[in-house]
Amino acid sequence: MKKILHIAMACAAVSMILLACQRKEATTWNPEYAAPLVHGRLGLDDLVTDSLLLADQQGLWYLHFMSDVANYALDSLVRLPDTTIHVGFDVPLNGGPFLLPPGQVIIQQDDQRALQVNGAQLKEVKLKSGYLKYRVSSYVDGYLDCSYLLPGVTQNGVPLNITATTLPAPGNSPSEQSGQIDLSGYHFDLTGINGNLYNRFETQTIVRIAPNAPQSASVNGDDSVVVELQFVRPVIDYARGYFSNSTNVISESVDLTEAIGVPEGALDLTSSTLHLHILNTLGVDATLNFGQLSGTGASTTTLQFPPFQHPIHITRAKDQSGQVISTAQHFELNDGNSNLTNFLENLPTALNWNGSLVLNPLGNVSESNDFYYANYPFSARMDLAIPLRLAMQNLGLRDTFELTNDALEWDASGQLDLVVWNRFPFSATAEVVLLREGYSPVVLIDQATLAAGWYDDVTFQSAAVESTIPIQLPEGVLQTFGAPGKLAVRFNLNTPNWNQPVSIRNDQYIDFKVIGHGTVLLSND
């Protein structure tokens, strides 16, 4: 965080007064003034990432870390891989050639085709995206109109109908027509012709001599029409069917680097809580086996919590006209029911979960009415809260502040003051270092003591206590103080009795100003 803080001067006002004065002789003044050179605020949010801080109703700070430890969307099970279907239709004639007039139907056939599905027995799906490539090839010496209707593949209730008009086949080579259809939003009925199957879609094929053909077609008994369908990158938005009885391995690792290990000092971990929220938005029953929850830190520590030692049965969600009514399980781990304190004392940098999720442990109890919405995955979310009760020894709040280029030219009597308003209910020390390009760092303040802020444990009221620390600039620094540079400011916090934790609130911080005192020569020639 960079803060460019400007020098406030009364020079402009003084200049106006000078212009108003009509003197015959040159006049000079050496006015004294005090101007804030730098000001700022340092608090706990300068030490800990904002997203990790949460205050309760009393304003007490918590380290708060949330992360998904499992996010299972059934993508691998309820998935339509790229599929190519190649269907040939023979003309039901023997011998030939036969001259058939325009409009004559030569092929009419109802059938059903299988989709390749991994494991699940799907009765219907709706696609979020994907497309269908098709090619119709005719070996008939004549103009044909071909219709390949998929009655159960609909968009807004309208069936998908692939139509093609082919020219007379040139010799032994086919006449072809191809195209591509966007399948986004299409609904697939996969119960087949009679409505009692799965992974099957119905087709209706009609091939006739084109009604507007300029001549009759010459048709032989060994002629054929071939339809090729290629489903490319279909992505399911919704699915219903039986998703099988399957065991899915869970192997997750959550990075805790930001959440654990900060801030410096001794945390009071005994009041920490770890919440695990399990949300089932899938229309399947499931059994969750936690296996092992371990932390990677100074050593590998296993989190012990009795309910995790047994399978957890999770009831399926309900689908009410497209509205998912989820089911949930919630677990709270604390110092009284688990070894959470010891687990956190190990300062884990990662939480590792190795377990399994068993779908439909009792089989097809839904009678093939399992359901899945892509936007509602099964999830397990971890919520770790550590109250910021700290015992601190030189806990550093620090930042660097830029000086403006219009700094004053100080004379030999120049002096700076660091004025601090401390709202933390414990003492602190201050360090200030001047940093300038081309010059060595200059320590302006080294371990100066600051008074503790006032705080009432009963009413939770607090007030800042002011401390002023004079800074006498060395003479060699005065003439170059205004050069482009920075002030590095650090406040070291110390709780009254080391190892006795103190709560930290969101209204506790340190405000400060660096004020310059000096004189400047103003003259009217």
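In this text the structure is predicted, and so the values were computed from the model without any measurement.

Peer 1: Hey, could you run me through the overall build of the chain in this one?
Peer 2: The number of helices and strands found in the chain is three helices and 40 strands. Scored against the burial criterion, the 525 residues of the chain give a buried share of 48%. Here the contacts in the chain between residues at least 6 apart in sequence split such that 86% fall between residues at least 24 apart. Summed over all atoms, the accessible surface of the chain reaches about 25600 Å², with 48% contributed by carbon and sulfur.

Peer 1: Sorry, what's going on with the nonpolar core here?
Peer 2: Generally speaking, nonpolar side chains in soluble globular proteins are found buried as a group. With 117 residues, the main nonpolar core has Leu122, Phe188 and Leu418 as its most contacted residues. If we ignore the near neighbours within four places in the chain, the residues touching Leu122 are Val78, Leu80, Val117, Leu190, Tyr198, Asn199, Ile236, Ala239, Arg240, Gly241 and Phe243. Among the nonpolar cores identified, the runner-up in size contains five residues, and Tyr238, Ala317, Val324 and Phe371 belong to it.

Peer 1: Sorry, what's going on with empty space enclosed by the protein here?
Peer 2: Where empty space is left becomes clear once a probe the size of a water molecule has been rolled over the atoms. Applying the stated criterion to the full structure yields three cavities of 30 Å³ or more. Of the volumes computed, that of the largest cavity is approximately 70 Å³. Around the largest cavity sit Val69, Leu274, His275, Leu276, Leu293, Leu303, Phe308, Leu333, Leu351, Trp353 and Met382, which together line it. Elements supplying a minimum of two residues to the lining of the largest cavity: β19 (273-280) and β26 (350-359). Here the lining of the largest cavity takes three residues from β19, the largest share from any one element.

Peer 1: Got a minute to help me understand the packing of aromatic side chains in this structure?
Peer 2: What characterises a pair of aromatic rings is the spacing of the ring centres plus the angle enclosed by the ring planes. Inspection of every chain in the model, using the stated rule, returns 15 aromatic pairs. Each ring, one from Phe401 and one from Phe512, has its centre 5.2 Å from the other, and the planes form 70°; the classification is edge-to-face. Pair noted here: Phe401 is in strand β30 (residues 393-403) and Phe512 is in strand β39 (residues 509-519), with a separation of 111 residues, a long-range link. Its relative accessible area of 0% is what places Phe401 among the buried residues. Look at Phe512 and you get buried, because its relative accessible area is 1%. One aromatic cluster is present, formed by Phe290, Phe305, Phe308, Phe331 and Trp353 through successive ring pairs.

Peer 1: What should I look at first to understand the side chain of Thr429 in this one?
Peer 2: The residue Thr429 is located in strand β32 (residues 428-436) in this model. Polar side-chain contacts of Thr429 include one of 3.2 Å to the side chain of Gln447. Every residue in contact with Thr429, bar those within four places of it in the chain, is listed here: Gln447, Ala448, Thr449, Leu450, Arg490, Phe491 and Asn492.

Peer 1: It is not clear to me how the pairing of strand β14 (residues 200-209) should be interpreted in this structure. Could you clarify?
Peer 2: Along any regular strand, the residues point their side chains to alternate faces of the sheet. Examined bridge by bridge, strand β8 (residues 105-114) and β14 share nine bridges and lie antiparallel to one another. Bridge pairing in β14 places Asp111 opposite Thr203. Strand direction decides the pairing type here: strand β10 (residues 144-155) and β14, joined by six bridges, are antiparallel. If you follow Tyr148 over to β14, its bridge partner there is Thr205.

Peer 1: Any chance you could explain the environment of Ile515 here in plain terms?
Peer 2: Counting through the fold element by element, Ile515 comes out in strand β39. For Ile515, a relative accessible area of 18% gives the class buried. A sequence separation of 97 residues divides Ile515 from Leu418, and the C-alpha atoms of the two residues are 6.5 Å apart.

Peer 1: Would you mind showing me how to read the confidence of the model for the chain here?
Peer 2: The predicted coordinates should not be examined in detail at positions where pLDDT is low. This prediction gives the chain a mean pLDDT of 81; 79% of its residues lie at or above 70. The low-confidence segment residues 1-30, where pLDDT is below 50, has 52 contacts with residues more than four positions distant or belonging to other chains. Confidence drops under pLDDT 50 across residues 405-412; counting only partners more than four residues distant or on other chains, this segment forms 22 contacts.

Peer 1: Quick question: what am I supposed to make of the pairing of β10 here?
Peer 2: In terms of strand pairing, β10 meets strand β11 (residues 158-166) through nine bridges, oriented antiparallel. By the bridge assignment for β11, Thr154 is matched with Pro159. The hairpin formed by β10 and β11 contains two residues between the paired strands, and Asn156 there has a positive phi angle of roughly 55°. Across two bridges, β10 lies against strand β13 (residues 187-189) in antiparallel orientation. Paired with Val153 across the strands is Phe188, a residue of β13.

Peer 1: How should the pattern of salt bridges be read in this particular structure?
Peer 2: A side chain of one charge can pair with a side chain of the opposite charge if their charged atoms are brought near each other. Scanning the model with the defined rule gives seven salt bridges in all. A salt bridge links Arg113 to Asp111; the nearest nitrogen and oxygen atoms lie 2.8 Å apart. The class of Arg113 is buried, set by a relative accessible area of 17%. Judged by its relative accessible area of 22%, Asp111 falls in the partly exposed class. Arg240 is the salt-bridge partner of Glu124, the closest N and O atoms lying 2.5 Å from each other.

Peer 1: Please clarify how the environment of Ala210 should be interpreted in this entry.
Peer 2: Topologically, Ala210 is positioned in the loop between β14 and β15 (217-219). Linking Ala210 and Pro101, residues 109 residues apart in sequence, is a C-alpha distance of 8.8 Å. Ignoring sequence-local partners within four residues, the contact set of Ala210 consists of Pro102, Gly103, Tyr143, Leu144 and Asp145.

Peer 1: What exactly am I supposed to notice about unusual backbone geometry here?
Peer 2: Leaving glycine out, the prevailing phi sign among residues is negative, and the prevailing peptide bond configuration is trans. Residues Gly96 and Pro97 are joined by a peptide bond in cis, for which omega reads 10°. The residue Pro97 is located in the loop between β6 (83-90) and β7 (98-100) in this model. Although it is not a glycine, Ser321 sits at a positive phi angle of roughly 55°. As for its position among the elements, Ser321 is in the loop between β23 (318-320) and β24 (323-325). Phi at Glu367 is positive, roughly 55°, even though this residue is not glycine. Structurally, Glu367 is set in the loop between β26 and β27 (370-373).

Rules behind the numbers
- Residues numbered from 1 in each chain as written.
- Predicted model: local features only at pLDDT ≥ 70, side-chain atom pairs only at ≥ 80, totals over all residues.
- Heavy atoms only, no water.
- Helix = DSSP H or I, 4+ residues; strand = E, 2+ residues; numbered from the N terminus.
- Buried < 20%, exposed > 50% of the residue type's maximum accessible area, 1.4 Å probe, protein only.
- Contact = heavy atoms within 4.5 Å.
- Areas by Shrake-Rupley, 256 points an atom, 1.4 Å probe, with all protein chains shown as cover.
- Core = buried A, V, L, I, M, F, W, Y, C linked by side-chain atoms within 4.5 Å.
- 1 Å grid on protein atoms, 1.4 Å probe; cavity = no way out; pocket = protein on both sides within 12 Å on 5 of 7 lines; lining within 4 Å.
- Points joined across faces, edges and corners; volume = space filled by probe spheres on them.
- Phe/Tyr/Trp six-rings, centres within 6.5 Å; stacked < 30°, edge-to-face > 60°.
- Polar contact = N/O pair within 3.5 Å; in protein donor to acceptor, adjacent residues only side chain to side chain.
- Pairing = 2+ DSSP bridges.
- pLDDT = per-residue confidence, 0-100.
- Salt bridge = Lys/Arg side-chain N within 4 Å of Asp/Glu carboxyl O.

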